[in-house]
Structure formats: C-alpha cells, structure tokens
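Residues per chain are reported as follows:
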Amino acid sequence: MTACLLARRHYTCGHGGNHLAQNPLYDALFKPHHGSEQPFLILADDSAISFDAFLRQAARFAHTITACGLDPGDRLAMQIHKSPEALALYAACVSAGVVFLPLNPAYTAREVDYFVSDAGAKLLLCDPEDETALRPVAKTNDARLMTLDRLGLGTFSDAARTQPEQFDTQARSLDDLAALLYTSGTTGRSKGAMLSQRNLLSNAETLRDTWQFSSKDSLLHALPVFHTHGLFVGTNLCLLSGAAMQFLPKFDLDSTLRLLPRATVMMGVPTYYTRLLADPRFDRETSSHMRLFVSGSAPLLADTHAQFEVRTGHRILERYGMTETNMNTSNPYAGDRRAGTVGLPLPGVEVKICNKNGDELPRGETGTLEVRGPNVFQGYWQMPEKTKTELRDCGFFITGDLASQDTDGYVTIVGRGKDLIISGGLNIYPKEVEMVLDVMPGVLESAVIGVPHPDFGEAVVAIIVPQPGVCFDPETIKAAAKTQLAPFKRPKSLIELPDLPRNTMGKVQKAALRANYQDLFK
Ligand code: AMP
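Given the structure is predicted, the values throughout are model-derived calculations rather than measurements.

With respect to the overall build of the chain
Right, on to step 1. Within the chain, the secondary structure is distributed over 17 helices and 24 strands.
Right, on to step 2. The C-alpha atoms of the chain give a radius of gyration of 23 Å, which matches the 24 Å a tight globule of 522 residues would have.
Right, on to step 3. Per-residue burial for the chain yields a buried fraction of 57% across its 522 residues.
Right, on to step 4. Surface exposure of the chain reaches about 20800 Å², of which carbon and sulfur atoms provide 52%.
Right, on to step 5. Within the chain, one finds 52 positive and 58 negative side-chain charges whose respective centroids are separated by 1 Å.

Considering the domain arrangement of the chain
Right, on to step 1. Assigned domains of the chain: these are domain 1 (3-24 + 51-172) and domain 2 (420-516).
Right, on to step 2. Here domain 1 and domain 2 have C-alpha centroids that lie 44 Å from each other.

Focus: the sheet that holds strand β16 (residues 350-354)
Right, on to step 1. Pairing within the open sheet is antiparallel, and its 4 strands lie in the order β16-β17-β18-β19. Each edge of the open sheet carries a strand with a single partner, namely β16 and β19 (411-416). Put simply, the sheet's adjacent strands are angled 45° from each other on average, direction ignored.
Right, on to step 2. For β16 and strand β17 (residues 367-372), the ladder comprises 5 bridges, and the chain directions are antiparallel. Across the sheet, residue isoleucine 353 finds its bridge partner in β17, namely leucine 369.

Remarks on the nonpolar core
Right, on to step 1. Of all hydrophobic cores here, the largest spans 113 residues; its most connected members are Phe30, Phe54, Leu76, Leu89, Tyr90, Trp211 and Met266.
Right, on to step 2. Broken down by element, the residue count for this core peaks at 10 residues, all from helix α4 (residues 84-96).
Right, on to step 3. Contact partners of tryptophan 211, with chain neighbours within four places excluded, come to Val233, Leu237, Met267, Arg291, Leu292, Val294, Leu317, Arg319, Ser330 and Tyr333.
Right, on to step 4. Grouped together as the second largest cluster of nonpolar side chains are 21 residues, Leu103, Val112, Leu180 and Trp381 included.

Observations regarding unusual backbone geometry
Right, on to step 1. One non-glycine residue with positive phi stands out, namely aspartate 142, at about 55°.
Right, on to step 2. Tracing the chain through its elements places aspartate 142 in the loop between α6 (131-140) and β6 (144-147).
Right, on to step 3. Of the residues examined, aspartate 142 reaches a relative accessible area of 71% and is grouped as exposed.
Right, on to step 4. Phi at serine 297 takes a positive value of approximately 85°, unusual for a residue other than glycine.
Right, on to step 5. Tracing the backbone through its elements, the reader meets serine 297 in the loop between β12 (292-295) and α13 (302-312).

Section: the packing of helix α8 (residues 197-211) against helix α9 (residues 228-241)
Right, on to step 1. Following both chains from N to C, one finds α8 and α9 inclined at 75°, their axes separated by 9 Å at the closest point. Relative to α9, the element α8 is oriented roughly perpendicular. Mapping the contact onto sequence places Leu200, Leu201, Ala204, Glu205, Leu207, Arg208 and Trp211 in α8 and Phe232, Val233, Asn236, Leu237, Leu240 and Ser241 in α9.
Right, on to step 2. Partitioned by chemical class, the residues of the contact of α8 with α9 number 9 nonpolar, 2 polar and 2 charged.

Looking at the site of the ligand
Right, on to step 1. The immediate surroundings of the ligand are formed by 15 residues, with Glu318, Arg319, Thr323, Asp401 and Lys507 found nearest.
Right, on to step 2. A distance of 3.0 Å separates an oxygen atom of the ligand from a polar atom in the side chain of arginine 416.
Right, on to step 3. Burial of the ligand by the protein chains amounts to 91% of its free accessible area of 490 Å².
Right, on to step 4. Per-class residue counts for the shell around the ligand are 5 nonpolar, 5 polar and 5 charged.

Regarding the side chain of serine 36
Right, on to step 1. Tracing the sequence through the fold places serine 36 in the loop between α2 (24-29) and β1 (39-43).
Right, on to step 2. Taking the relative accessible area as the measure of exposure, serine 36 reaches 18% and is therefore buried.
Right, on to step 3. With near-sequence residues (within four places) excluded, serine 36 lies in contact with Ser50, Phe51 and Asp52.

Structural notes on α4
Right, on to step 1. With 13 residues, α4 ought to run about 18 Å at 1.5 Å a step, and its terminal C-alpha atoms sit 18 Å apart, in line with that.
Right, on to step 2. Counting buried positions over the 13 residues of α4 gives 13, a clear majority of the element.
Right, on to step 3. Count one or two residues on from α4 and you reach glycine 97, which has phi positive near 75°.

Conventions we followed
- Residues numbered from 1 in each chain as written.
- Predicted model: local features only at pLDDT ≥ 70, side-chain atom pairs only at ≥ 80, totals over all residues.
- Heavy atoms only, no water.
- Helix = DSSP H or I, 4+ residues; strand = E, 2+ residues; numbered from the N terminus.
- Rg over C-alpha atoms; globule rule 2.2 N^0.38 Å.
- Buried < 20%, exposed > 50% of the residue type's maximum accessible area, 1.4 Å probe, protein only.
- Areas by Shrake-Rupley, 256 points an atom, 1.4 Å probe, with all protein chains shown as cover.
- Lys, Arg positive; Asp, Glu negative; His and termini not counted.
- Charge placed at Lys NZ, Arg CZ, Asp CG, Glu CD.
- Domains from an automatic or database assignment.
- Pairing = 2+ DSSP bridges.
- Axes fitted to C-alpha atoms, helices over the stretch in contact; angles between N-to-C directions.
- Core = buried A, V, L, I, M, F, W, Y, C linked by side-chain atoms within 4.5 Å.
- Contact = heavy atoms within 4.5 Å.
- Parallel < 35°, antiparallel > 145°, perpendicular 65-115°, else oblique.
- Nonpolar A, V, L, I, M, F, W, Y, C, P; charged D, E, K, R; others polar.
- Near = heavy atom within 4 Å.
- Polar contact = N/O pair within 3.5 Å; in protein donor to acceptor, adjacent residues only side chain to side chain.
- Expected span 1.5 Å × (residues − 1).

Set out below in structure tokens:
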C-alpha cells in the first residue's frame, strides 16, 4: 500500500483482534484472517489492503458503532459509495452484532427516509455530499447521522481514528439477524428481508464448495456492495476461502480489462459480459488464465453464452438467487453448463415448481418456483402478513419467479410472476416470445410486456433493440413470429428503442416499460 493511501485511509501496521465470544459468522469469515498480511483488497490504483489491516479498521469501526450507542440487534443503515470502508462497516456490524442495512447510493432522501424509519435504524452513514439532504431524515427518525466518503474520510472515520484496533466480538447465534436487505420493490412497498447468520454462512459454504473457491483465487469484484450479489456472493465467498478481490468502485471496461490478468474468477450481471463482448480487446488471450466467469441477477441470453464461448473458450456459469434466499441454483462447476438455464439446485436447497395452491407440478411444466433450505430468509421485517403469504409454514418460500425444471433437474427461469401476460384469458410467458425475437435478423435484444387492451384484457407488446448498424424491419419480424408463435402470443405492437431500461443489477425494468406504454391501445 502506498504511504499516501495509508495516510488517507488510516490503515496501520500491527496485529490485533479479540474474539472471545462465539459469533459463528464472524468466526468463519473474519477471525481466521487476523494477523494475515496477505492482500485482501487490491484497489484500482494498485494499492492493497491486507486482511489484517482490514480487520483492524473493522475493529475501530465496531468500537465507533458501539460508542454511538448501538447494541446487538440494532440496525445501522449505510448509504455510501462502494469502498473498502463500506466492507469494513459490514465486518464491524457482524462483530458488534449490529444488523447491517446497506442502501443503494442512488436512492433519494425520500426513499432513505422510508428505509431508516421502517428499520428503526439508530445510525445512518452517508456520503458528505448527501449530508444536508439527509439531516432532516435523521432528525425525524431520531437516528444519528455520520459521514464517510469514497476515500474513507468523514465524521465517522474521524471518530474511529482513535479507537482501539481490537474489539471483543459480541456473542451471536446462527439464528440472530446479520443483515436487513430491502428488496427492489418494483411493486408496492420495498420489503426488508431479514437474513440470519445461518442464511449467509450456509450459502457461502455451499458456494465455496460448489465453485471450488480457495485462497489461491482472486475475484474481479465490480459489483455494488449494497446488493446480495456483490456483498454476500462475492465478498462472503472470498472471506470464507481467504481469496483476494480486485476491488473496483464500479464496472468499467478499461479497468476490467486491465485487472483481468490478475484475477482468476469474475462475477457479473449479464450486462458486464455483453459489454466485454462488444470490446474487441476482450479475447481468448485476455481470459485464457481465468478459472471461472459467473453470471446472475438477471437472465443471461443463450446467445451471449454462445458468443462468449466462441470468443474466449469459457462457458459462463449461470446461477440464480434473490435477496430473500441468497443463491438457490447453479450450473455445475465441473459438468454440463446449459445455456438459458440456471442449473441445478445447490446442495441443501430444495426447489419445486408449483401451481397457485402449492401443489407440485410434473417435471417440464411451468409454474411458480418455491425454494427451501438454510439459505431462505427469516421473513420480512415487521410485515408478518406479507411473510405469511410468501413463506409457507413448511419453510418453502414462494419466489414469484415462473420456472420449469427438466428431467435432469436443470431449472429454467421463464420470468417474474407479475410479468406473466394474460391475453384473452390465455397465459403468455414473456421469455418464450423474447427467445423467438432475440434470434431474428437485426434484433439485439427484446423485452416483451403486457399492456391494457380493451378487448383482450392485456395485449402482447414487444420492445425491440436493433443491432447497431443493422437495418431493422418490423414486417420481417412479424412474418417470422407468425411461423413460430401461436396467434395469441404474437406481439400486437413492435416498438423500437435504442436500449432497454435496466437497474444497476442489469434487470430490465419491465414495470417502467409497462407504465410508458399503458395507453397504447386506449
Ligand atoms: P434480487 O432480489 O434483486 O437479487 O432479484 C432477484 C430476482 O432476480 C429473482 O427473483 C429473479 O427474478 C432474478 N434473477 C436472479 N438471477 C437470475 C438468473 N440467473 N436468471 C434469471 N433471473 C434471475
């Protein structure tokens, strides 16, 4: 680490860390690394933070949190940019027994107000730039407001600077809450998913074994750390196996291509892979040393999978999970990685495809995916009724995803239940139509939605993104759809857009599309 960075970030030398009480998550993820000078985080400027330096920072943070009056079980909300300090806060919360509540920096003050109030957070950490806007939020919710910027500077780190580098870990059990992650809330109020130590630890252990992670690995980490993908899948896995991370503030092509030679594994949302493929610098040579590319959080087009293999010789490993459940299924590490599927249930995770009553459907039929296992969350924070409707007494969680499972056990996600289109009383799975459209000449990708229709109830509308520089002809597409889709599934309207609206996790925002085109047939 450079002297400059040391001074800015206040990582110092020396060993430390007391951990007297049992705290299974801390004991598995963090405790083994006390005293390790191995690099944990390698930053974009090539400086490195060792496991031990990271943990000493986390100990100072844990003291600061405690000094702010937070007791085990209290909630700490964090709306700061991705940084080593954001991860140190996570470690500090685990050791202090405080429930970690990370928030997307893109949320407005009004949205943050909802989360802080709903969770009853006692401490809110924000970027100094947002301090003025968030002060009233903190005041009305009786929360303390402190700041931490991208470089780890702010009132919180000022307070932490003089704190000891050893912290006596608070006793916690596997059933205690470790984190509260709010769902993206595309419909209605965003819900706080209560994740216990067991939920996080069991999933990290399963993924470590399934994807064969070890201390020899170095993960290219470009994902945000307020979401389950970058925080729990990426970070917990590295901590559990002692792997390092090439820690980028966000995904960008130049940094990714520069750091790829030092990584062994990359995790990303599909957009990262399509962007890499669009860059001629990304080729077989730049990726020949890589052990694994993982994709998730949104569907990876079978075409992207195929193109990636042609370009690099690697078959992307696609997995499926969600905020409430961590990871549920994965294509095999050694075995057949099937494009367009999300693979097999992870060890210890049960999946079944059900009708509305929860009766299991025969293999091959499409229905609602339900999952059960130690990875499944404890329920929605202060929403017992909502929890009851989505989490069955027998432990199965109704994911809301429509899926099928083939005779070999591979699961295919067909879409979200709420995206299902019912036109003239007939069910249409958008993915089925999208798969037909995506391979048509001139089409880069598509999104199929249902919009209100006076006659059919809903009508199928296809939003098409044409390939750059390729002539897009709606009539050819309509004619081709005629040969491949039953009349009720064919789009009644084709709309051309330069790209699809996506959130930071690469998910197409179908609710926004539906809102934009709801008056199309009125
Ligand atoms: P989130 O809670 O933000 O992680 O979103 C979870 C949702 O993302 C799931 O319920 C799925 O609808 C979707 N999702 C995650 N991984 C995949 C995948 N590999 N393929 C298709 N959809 C996915």
